[in-house]
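# Geometric and topological summary
Residue strings, one per chain:
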Amino acid sequence: MTPLRILSIATLFPDAARPNFGLFVEKSLRALAAQPGIELTIVAPVGLPPFPLSLHPRYRALRGLPRAETWHGLSILRPRFTLIPRYSARFNPAAVARAVLGAVAGQGFDVVDAQFFYPDGSAAMRVADTLGLPFSAKARGADISHFGHDPATAPQVIEAGAKAAGLLAVSAAMRRDMAAIGIDPAKVTVHYTGIDHARFHPGDRAAARAAFGMGADAPAILSVGALIERKGQALVIAALPALPGVHYWLAGAGEEEGRYRALAHRLGVEGRVHFLGPVANSDLPQLYRAADAVVMPSASEGLANAWVEALACGTPIIISDAGGAAELVRLPVAGRIVARTPGAIADAVAAVLAAPPSPDEVAATLSGRFDWDRNGRELADHLRRCARR
């Protein structure tokens with residue numbers, strides 16, 4: 001078999017400063033690299049603002065990252081590109097493309113892969129044009145729901161969709177969202193995420209609660225993700241007055257934490273709202289098992305990894321009708337799809353707590369659709385088809 005030489009661009013990829021940053025991208029590319037006949041080069045460009053903004057503590061650790069390294073068995077190139085926080089979104093694809101081309105000068109490839117539609121896909125379009133190659137881009141969520149609608153970036157998203165040899169989407173719902181902005185759905189293949197079933201599986205809920213100091217009796221609901229308005233944690237806090245005795249645990253960090261704490265205090269539920277901060281990926285399976293339900297009423301999603309991980313651990317999910325929600329909550333034991341209102345969230349939580357499903361039945365609703373080897377195999381097949389075009 002002639003090796004397929006793939007250049008993969010991933011602006012969201014873990015590093016020593018951000019070990020959980022795009023962990024799902026790393027896992028997918030590791031699964032791709034493990035397929036027979038694959039030669040994979042990964043470029044994970046690092047955006048840094050110009051001096052003196054680059055001295056900000058947020059960027060200090062990024063400045064020290066190596067420009068090339070082996071990361072968990074994968075060879076990674078980390079060229080720099082100039083980033084202007086809040087203002088450079090429309091310019092990022094061109095900057096990323098220049099960084100990628102500089103990092104791989106003199107190397108040969110058969111196809112360019114973009115792990116996000118924006119800026120990665122629009123950068124891949126430029127790289128592929130320069131190198132005379134076909135390219136593919138994957139849509140995951142905000143790269144379509146935000147950048148595909150923002151007048152400053154939407155033209156580049158749509159152009160990349162038109163010029164790509166093939167496209168991927170994390171869910172059928174995401175494919176419909178792509179079609180809605182003018183991308184040909186016939187070019188889009190649904191490519192579900194994977195999951196490590198050796199780690200994410202049902203287990204002892206009492207032991208898991210003890211590990212996080214949750215106590216044995218108080219009902220526990222959980223959100224996992226950045227504390228930002230789009231994720232809807234404020235709606236869950238607002239539902240707590242109608243859920244006496246229920247404790248809400250939030251895993252993640254973000255700009256809305258202060259507002260969430262103030263809201264909990266104002267509603268008199270601060271004693272039942274617990275901020276865990278960032279949780280290591282290695283601790284997530286135990287955290288999911290500890291909860292009676294994972295509640296995530298996001299305004300928009302592609303197909304959230306946290307939804308899949310929670311179900312794999314046997315914990316039902318209560319989520320908004322966003323992205324691929326209906327592709328996961330297909331049976332009552334999997335949870336509920338609810339309106340983004342505190343009342344609807346409270347009713348759904350109360351219903352799940354009143355008749356808790358068997359963790360094994362919850363996990364079985366995934367029915368083998370989410371597996372990293374399958375993910376890698378499908379990605380390799382897709383990129384081979386793109387290379388032939």
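Residues numbered from 1 in each chain as written. Predicted model: local features only at pLDDT ≥ 70, side-chain atom pairs only at ≥ 80, totals over all residues. Heavy atoms only, no water.

### Topic: the packing of aromatic side chains
In this structure the tally under the stated criterion is 4 aromatic pairs. When the centroid spacing of 5.0 Å and the interplanar angle of 50° are considered together, the rings of tyrosine 192 and phenylalanine 370 count as tilted. With tyrosine 192 in the loop between β10 (188–190) and α8 (205–211) and phenylalanine 370 in the loop between α15 (359–364) and α16 (372–388), the pair connects residues that are 178 residues apart, well separated along the chain. Of the two residues examined, tyrosine 192 and phenylalanine 370, each falls in the buried class. (Phe/Tyr/Trp six-rings, centres within 6.5 Å; stacked < 30°, edge-to-face > 60°. Helix = DSSP H or I, 4+ residues; strand = E, 2+ residues; numbered from the N terminus. Buried < 20%, exposed > 50% of the residue type's maximum accessible area, 1.4 Å probe, protein only.)

### Considering the sheet that holds strand β9 (residues 166–169)
Sheets are built from strands paired through backbone hydrogen bonds, the pairs being either parallel or antiparallel. Taken together, 8 strands build an open sheet; the order of strands is β4-β5-β2-β1-β7-β8-β9-β10 and the sheet is mixed. Of all strands in the sheet, those bounded by a partner on one side alone are β4 (68–71) and β10. Between one strand axis and the next, the sheet turns by 25° as a mean value, whatever way the strands run. Strand direction decides the pairing type here: strand β8 (residues 135–139) and β9, joined by 4 bridges, are parallel. From the neighbouring strand, alanine 137 faces β9, where its bridge partner is leucine 167. Along the sheet face, helix α4 (residues 117–131) touches β1 (4–9), β7 (111–114), β8 and β9 and points at about 180° away from the line of β8. (Pairing = 2+ DSSP bridges. Axes fitted to C-alpha atoms, helices over the stretch in contact; angles between N-to-C directions. Contact = heavy atoms within 4.5 Å.)

### Some words on the pattern of salt bridges
Enumeration according to the criterion identifies 12 salt bridges in this entry. Among the salt bridges present, the one from glutamate 257 reaches arginine 261, with a minimum N-O distance of 2.9 Å. Taken together, the positions of glutamate 257 and arginine 261, both in helix α10 (residues 257–266) and 4 residues apart, correspond to about one turn of that helix. For arginine 261, a relative accessible area of 42% translates into the label partly exposed. (Salt bridge = Lys/Arg side-chain N within 4 Å of Asp/Glu carboxyl O.)

### Observations concerning the packing of helix α3 (residues 92–103) against α4
Where α3 contacts α4, the two axes come as close as 8 Å, and the packing angle between them is 50°. One element, α3, and the other, α4, form an angle in the oblique class. When you trace α3 past α4, the crossing you get is right-handed. Two secondary-structure elements touch here, α3 through Asn92, Pro93, Ala94, Val96, Ala97, Val100 and Leu101 and α4 through Tyr118, Pro119, Ser122, Ala123, Arg126, Val127, Thr130 and Leu131. Among the residues making up the contact of α3 with α4, the classes are represented as 11 nonpolar, 3 polar and 1 charged. (Parallel < 35°, antiparallel > 145°, perpendicular 65-115°, else oblique. Left-handed = near helix turned anticlockwise from the far one by under 90°. Nonpolar A, V, L, I, M, F, W, Y, C, P; charged D, E, K, R; others polar.)

### Overview of the environment of arginine 126
Tracing the backbone shows arginine 126 in helix α4. Residue classification places arginine 126 among the partly exposed positions, given a relative accessible area of 28%. Put simply, arginine 126 and alanine 94 are 32 residues apart on the chain and 7.3 Å apart in space, counted from C-alpha to C-alpha. Ignoring any residue separated from it by four or fewer positions in sequence, one finds arginine 126 in contact with Pro93, Ala94, Ala97 and Gln156. Among the polar contacts made by the side chain of arginine 126, one reaches the main-chain carbonyl oxygen of serine 122 at a distance of 3.1 Å. A distance of 3.1 Å separates a polar atom in the side chain of arginine 126 from a polar atom in the side chain of glutamine 156. (Polar contact = N/O pair within 3.5 Å; in protein donor to acceptor, adjacent residues only side chain to side chain.)

### Points about the pairing of strand β5 (residues 74–77)
Note: strand β2 (residues 38–43) against β5, 2 bridges, orientation parallel. Note on β5: the bridge partner recorded for isoleucine 42 is isoleucine 76. Of the pairings in the sheet, the one linking β4 to β5 comprises 4 bridges and is antiparallel in character. Residue pairing across strands places glutamate 69 opposite isoleucine 76, the latter belonging to β5. Connecting the antiparallel pair β4 and β5 is a turn made up of 2 residues, with histidine 72 showing a positive phi of about 50°.

### Details of the sheet that holds strand β16 (residues 335–338)
Spatially, β13-β12-β11-β14-β15-β16 is the arrangement adopted by the 6 strands of the open sheet, whose pairing is parallel. At either end of the open sheet lies a strand with only one pairing partner, and these are β13 (273–277) and β16. The mean inter-strand angle of the sheet, taken between neighbouring strand axes irrespective of direction, is 20°. Across 4 bridges, strand β12 (residues 247–251) lies against β13 in parallel orientation. Looking at the pairing, tryptophan 249 lines up with histidine 274 of β13.

### So, the pairing of β1
With 5 of 6 residues buried, β1 is to be regarded as a mostly interior element. Relative to β2, β1 runs parallel, the two sharing 6 bridges. From the neighbouring strand, arginine 5 faces β2, where its bridge partner is glutamate 39. In the classification by handedness, the crossover that spans β1, the intervening helix α1 (residues 23–33) and the parallel β2 is right-handed. The pairing of β1 with β7 spans 4 bridges and is classified as parallel. Bridge assignment links leucine 7 to a residue of β7, and that residue is valine 112. (Right-handed = clockwise from strand over helix to strand, strands pointing away.)

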